[in-house]
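# An overview of the molecular structure
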Amino acid sequence: MISDLVIIGGGASGFMAAITAISRGLRSVVILEATSKVLEKVRISGGGRCNLTNACCDISNLVNNYPRGEKQLIGLFNRFSTTEAFDWFQEKGLSLKVEKDGRVFPCSDSSEDVIKCLTSVAKKSGVTILTNSHVQKIRIIEHGFKLLAKGNNLFEAKNVLICTGGHPSGRRLAKSLGHSIVPAVPSLFSFSTCDKSLRSCSGITLDVQIKLNINNIKYAEKGPILITHKGFSGPVILRLSAFSARILNANNYKGELKINWLCMNESEARLILDSYKVENAKKKVFNNKPFDKLPRSLWKAILLGLNIDSQLKWADISNYQKESLVKCLIMKTYAINGRGPFGDEFVTAGGVSLKEIDFKTMESKICKGLYFAGEVLDIDGVTGGFNFQHCWTSGWVAGGSIVLK
Ligand SMILES: Cc1cc2nc3c(=O)[nH]c(=O)nc-3n(C[C@H](O)[C@H](O)[C@H](O)COP(=O)(O)OP(=O)(O)OC[C@H]3O[C@@H](n4cnc5c(N)ncnc54)[C@H](O)[C@@H]3O)c2cc1C
């Protein structure tokens, strides 16, 4: 029997597409999942809580969270955005909550409930879900496609939707049908540095301004940084890693990171230091810091890095020492020498070239009846629920478009 639609990959975008397609009238929709469990990434996401979208609903702001796909997502989000995804899950019985920073989670804080919601809706709607069905080959036949899955199982479909996430096999299948692939590189990672001056500060988080210089290509961001045992992580670093993912990869993850610990300019910092020096002349520099926002251990690490004597009093700080301190506080440079571990999230930048996709339908411009959704495309976002959001969106558009033809 030839199915109306075979979806390769039982992840976020595959389930959204399957449920949408069948709800719009497609009769036979099959999900072929390579592994023994569907929605495995949903399960591990958000530290087991699944940050499934974000409360950011202004589309022009929303697309700023996508280093790749920003332009194409404008049209897609105009049809199914964060608000629609939020309502979709609530209507399907999954209660959601918005955290202070805008991230959306299930009220239960359990990703298992997102899985239960998607699998039960899919099953009730009549979607066929076949696990242990790794698709190895696709061939174009008259009126559709023939697919060869693990165990020599053959499937026929009028339409095929590739939703294989960051897995290389999906990109291979796309290539075999004529698509060009933008090489895949990791995104959303921390930075490591061989500068050991901040090792005692591991675990500290604070708001900073940062600038990254990779061979004179410059990036700037502002937000919370986390000092780690080997370097830097936290939202601002993950965001920077996403926007510079390709260029950092090309430069072997080497660059210069400038940190403004105070988020103020040189003269503001100097003014505060000068008046603090006068008011606290008899006090020790090490034990008395002029900037409340700086944790004590970071203040000490910065002073030690400048070889300032631990007994020095504010009255005795030299002009040279004070100027070095100002520089260190507002533009200290750390040499980045590699990619550290991933944060809570990891995605692949790169994938099926966006030039070859019709974003009104998610259909291939090269091969009729072939569709794409989710991370297999050269689209990725920063942390905060933005990655799942583009998967719900492209899955919803693809699933809906196949029916409308
Ligand atoms: C640890 C971690 C935490 C994350 N947390 C978050 C978060 O909290 N919020 C957020 O927005 N994003 C998060 N992400 C990113 C998010 O998980 C992905 O962007 C999203 O899952 C991509 O969905 P997808 O449907 O495109 O692909 P996937 O969810 O990766 O699904 C693809 C499926 O296709 C299957 N497959 C691959 N090849 C074949 C084949 N040839 N035949 C059959 N099946 C195949 C795979 O086994 C897989 O099940 C996280 C990622 C990781 C790794």
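Rules of the game
- Residues numbered from 1 in each chain as written.
- Predicted model: local features only at pLDDT ≥ 70, side-chain atom pairs only at ≥ 80, totals over all residues.
- Domains from an automatic or database assignment.
- Contact = placed C-beta atoms within 7 Å.
- Nonpolar A, V, L, I, M, F, W, Y, C, P; charged D, E, K, R; others polar.
- Axes fitted to C-alpha atoms, helices over the stretch in contact; angles between N-to-C directions.
- Helix = DSSP H or I, 4+ residues; strand = E, 2+ residues; numbered from the N terminus.
- Parallel < 35°, antiparallel > 145°, perpendicular 65-115°, else oblique.
- Left-handed = near helix turned anticlockwise from the far one by under 90°.
- Pairing = 2+ DSSP bridges.
- Near = placed C-beta within 6 Å.

## Quick look at the domain arrangement of the chain
Segmentation of the chain into domains returns domain 1 (2-180 + 353-404) and domain 2 (187-346). For domain 1 versus domain 2, the distance between C-alpha centres works out to 40 Å. With seven residues of domain 1 in contact, the opposing surface of domain 2 contributes eleven residues. Per-class residue counts for the side of domain 1 that touches domain 2 are two nonpolar, four polar and one charged.

## Quick notes on the packing of helix 1 (residues 12-23) against helix 6 (residues 111-125)
In contact at an axis separation of 10 Å, helix 1 and helix 6 are set at 30° when each is read in the N-to-C sense. The orientation of helix 1 relative to helix 6 falls into the category roughly parallel. In the packing of helix 1 onto helix 6, the handedness of the crossing is left-handed. Between helix 1 and helix 6, the contacting residues are Phe15, Ala18, Ile19, Ile22 and Ser23 on the first element and Leu118, Val121, Ala122 and Ser125 on the second. Taken together, the residues of the contact of helix 1 with helix 6 sort by class into seven nonpolar, two polar and no charged.

## As for the sheet that holds strand 3 (residues 53-54)
Read from one edge of the open sheet, three strands run 3-5-4, paired in antiparallel fashion. Looking at which strands have only one partner, the edges of the open sheet turn out to be strand 3 and strand 4 (96-98). Sheet topology places strand 3 next to strand 5 (residues 103-106); two bridges connect them, and they run antiparallel. The partner of Asn54 across the bridge, within strand 5, is Arg103.

## Focus on the site of the ligand
Near the ligand, the surroundings consist of 39 residues, among which Gly9, Gly11, Ser45, Gly165 and Gly374 are the closest. Breaking the shell around the ligand down by element, the ones donating at least two residues are helix 1, helix 2 (40-44), helix 7 (168-176), strand 15 (332-352) and helix 13 (386-404). Tallied by class, the residues present in the shell around the ligand amount to 14 nonpolar, 19 polar and six charged. Among the domains, domain 1 (2-180 + 353-404) and domain 2 (187-346) are the pair contributing at least three residues each to the shell around the ligand.

## Some words on the environment of Gly9
By the secondary structure assignment, Gly9 is in the loop between strand 1 (2-8) and helix 1. It is 8.7 Å that separates the C-alpha atoms of Gly9 and Leu161, two residues lying 152 residues apart in sequence. Setting aside residues no more than four positions away along its own chain, Gly9 makes contact with Gly14, Glu33, Cys163, Thr164, Gly165 and Gly170.

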